[in-house]
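Here's the letter readout for the chains.
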Amino acid sequence: MIILDHVCKTFVGTDGQVEALKDVSLTVPDGDIYGIIGMSGAGKSTLVRTVNLLERPTSGTVLVDGVDMTKLSPAELRKKRREITMIFQSFNLLMQKNCLKNVCFPLELAGMKSREAKAKALELLELVGLKDKASAYPAQLSGGQQQRVAIARALATEPKVLLCDEATSALDPGTTHSILELIRDINAKLGITVVIITHQMSVVESICRHVAILDQGNVAETGEVSEVFSNPQSRAARSLVFPEGDIDDLFRELRENEHLIRVVFDGSQATSEPLIAHMAVEKSIEASIIYASMREIGGKTYGSVLLGITGDQHTVDEAIDYLTRKENVSAREVKPHVQ
């Protein structure tokens, strides 16, 4: 379990002090996939780097499996960091080494014999689907392949925690989806706790179980992804979930017995026959499209739609059930804000 207790981080520069983190308290359960999302400058990367003490908090406590990271000696901290590995947006691979040697590198640093390190590295490359690229160099790989190598390297020391700092930001949506599927698979197979830092709503919705919304160094809101994204309470959460504007204005404009449903497409197979039109024909449930932000990449659909559904709660539940039968489509009813 990861516990951040009243963590603050202040940077001192030529322009004075900057409070990057302000009294942050979070708990990440063992085996969870936990998302931390916020706008640029919210303090996300600073926060995740306090977990392995790449950034030492100005005040507060960082506990990983009951161990106070801030109290460890340099040698103890180096040893503990083997259990808390990290992947980045820029991959950070050693360009002069091939894939096999990149994955071997942390094993050899830990004192493993070369033959054993090579065997272990090949197993990890197979786990991420790149055993056939063992002799290739990073420059010969696509961005998605490079990130898979970075993940294999991060798993080399058999960590308990994997920190992902904007790990998919440099990738196209299709590749992002495949990397997230890999991370989900690794989490399920190995039981590794995953913390994902991102500014992309789609990343959190597709893989995370819990989420924290970070806003200007403060934790604005936390909870299960389904609850936070269907009924966001904080200003920061609502601006992320509903970038089209104040959702409460929409509720004031709804007709009697009309409900809002937010539908998210995360790589669903695009077809010439629209899903919403099919719902109207097959279920006699008509929906008005209030807002849509969609794009098609490689024959797959990404984005979200806000629908107005007229009827009782049974109709709403039936619409959600119908929409979510399609692979990589999620749907939730949106509730008005509770002051």
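Above: the structure in question.
The model shown is predicted, which means the values in this text are computed figures rather than measured ones.

Reading the values: rules and limits
Residues numbered from 1 in each chain as written. Predicted model: local features only at pLDDT ≥ 70, side-chain atom pairs only at ≥ 80, totals over all residues. Heavy atoms only, no water. Helix = DSSP H or I, 4+ residues; strand = E, 2+ residues; numbered from the N terminus. Rg over C-alpha atoms; globule rule 2.2 N^0.38 Å. Buried < 20%, exposed > 50% of the residue type's maximum accessible area, 1.4 Å probe, protein only. Contact = heavy atoms within 4.5 Å. Areas by Shrake-Rupley, 256 points an atom, 1.4 Å probe, with all protein chains shown as cover. Lys, Arg positive; Asp, Glu negative; His and termini not counted. Charge placed at Lys NZ, Arg CZ, Asp CG, Glu CD. Pairing = 2+ DSSP bridges. Axes fitted to C-alpha atoms, helices over the stretch in contact; angles between N-to-C directions. Parallel < 35°, antiparallel > 145°, perpendicular 65-115°, else oblique. Left-handed = near helix turned anticlockwise from the far one by under 90°. Phe/Tyr/Trp six-rings, centres within 6.5 Å; stacked < 30°, edge-to-face > 60°. Lys NZ or Arg CZ within 6 Å of the ring centre and 35° of its normal. Nonpolar A, V, L, I, M, F, W, Y, C, P; charged D, E, K, R; others polar. Salt bridge = Lys/Arg side-chain N within 4 Å of Asp/Glu carboxyl O. Core = buried A, V, L, I, M, F, W, Y, C linked by side-chain atoms within 4.5 Å.

**Considerations on the overall build of the chain**
Item 1. Along its length, the chain carries 12 helices and 14 strands.
Item 2. Taking 20 Å as the expected radius of gyration for a compact globule of 339 residues, we find that the chain reaches 22 Å, a close match to that expectation.
Item 3. Considering only C-alpha atoms, the chain reaches an extent of 70 × 50 × 35 Å along its principal axes.
Item 4. A buried classification covers 49% of the 339 residues belonging to the chain.
Item 5. Put simply, 67% of the contacts in the chain that link residues at least 6 apart link residues at least 24 apart.
Item 6. Looking at the chain as shown, the accessible area adds up to about 16,300 Å², and 48% of this sits on carbon and sulfur atoms.
Item 7. Distance between charge centroids for the chain: 11 Å, based on 37 positive and 45 negative side chains.

**Some thoughts on the pairing of strand E11 (residues 258–269)**
Item 1. Of all 12 residues in E11, 11 are buried, a share of seventy percent or more.
Item 2. With 11 bridges joining them, E11 and strand E13 (residues 300–310) adopt antiparallel strand pairing. Note that in E13 the partner of arginine 262 across the bridge is leucine 306.
Item 3. Sheet topology places E11 next to strand E14 (residues 329–334); 6 bridges connect them, and they run antiparallel. Its bridge partner lying in E14, valine 263 is registered against alanine 331.

**A closer look at the side chain of aspartate 68**
Item 1. One can find aspartate 68 in strand E5 (residues 67–68).
Item 2. Given a relative accessible area of 17%, aspartate 68 falls into the buried group.
Item 3. Sequence-distant contacts of aspartate 68, defined by excluding residues within four places in its chain, comprise Thr61, Val62 and Leu63.

**A short note on the packing of helix H5 (residues 143–154) against helix H6 (residues 173–190)**
Item 1. In the contact formed by H5 and H6, the axes pass within 10 Å of each other and the chain directions differ by 20°. Considered as vectors, H5 and H6 are oriented roughly parallel to each other. Viewed along their axes, H5 and H6 form a crossing whose handedness is right-handed. Residue-level inspection shows Gly144, Gln147, Arg148 and Ile151 of H5 in contact with H6, the latter providing Thr175, Ser178, Ile179, Leu182, Ile183 and Ile186.

**Some thoughts on the sheet that holds strand E4 (residues 59–64)**
What holds strands together in a sheet is hydrogen bonding between their backbones, with the strands either parallel or antiparallel.
Item 1. The strand order E2-E1-E4-E5 describes an open sheet built from 4 strands, whose pairing is antiparallel. Each edge of the sheet is formed by a strand with only one pairing partner; in this case those strands are strand E2 (16–28) and E5.
Item 2. Pairing of strand E1 (residues 2–13) with E4 involves 5 bridges; the strand directions are antiparallel. Within the sheet, the bridge partner assigned to cysteine 8 lies in E4 and is serine 59.

**Examining the packing of aromatic side chains**
Item 1. Enumeration according to the criterion identifies 0 aromatic pairs in this entry.
Item 2. The residue whose ring lies beneath lysine 9 is phenylalanine 11, and the NZ or CZ to ring-centre distance is 5.1 Å.

**A short note on the packing of helix H3 (residues 99–109) against helix H4 (residues 114–127)**
Item 1. Taken N-terminus to C-terminus, the directions of H3 and H4 make an angle of 125°; their axes are 8 Å apart at the nearest point. Here H3 lies oblique to H4, going by the angle between them. Read as a crossing pair, H3 and H4 show a hand that is right-handed. Along the contact surface, H3 presents Cys99, Leu100, Val103, Cys104, Leu107 and Glu108, while H4 presents Ser114, Ala117, Lys118, Lys120, Ala121, Leu122, Leu124 and Leu125.
Item 2. Classifying every residue of the contact of H3 with H4 by side-chain character gives 10 nonpolar, 1 polar and 3 charged.

**Considering the pattern of salt bridges**
Item 1. Under the defined criterion, the tally for this structure stands at 13 salt bridges.
Item 2. A salt bridge links glutamate 55 to lysine 9, with the nearest nitrogen and oxygen atoms 3.8 Å apart. On the criterion of sequence distance, the pair formed by glutamate 55 in the loop between helix H1 (44–51) and E4 and lysine 9 in strand E1 is long-range, its members being 46 residues apart.
Item 3. According to the relative accessible area criterion, glutamate 55 is buried, its value standing at 18%.

**Considerations on the nonpolar core**
Item 1. Within the largest apolar cluster, 56 residues are counted, with the highest numbers of intra-cluster contacts made by Leu125, Ile151, Ile213 and Phe229.
Item 2. In this structure, Val24, Leu47, Leu53 and Leu77 belong to the second largest nonpolar core, which totals 27 residues.

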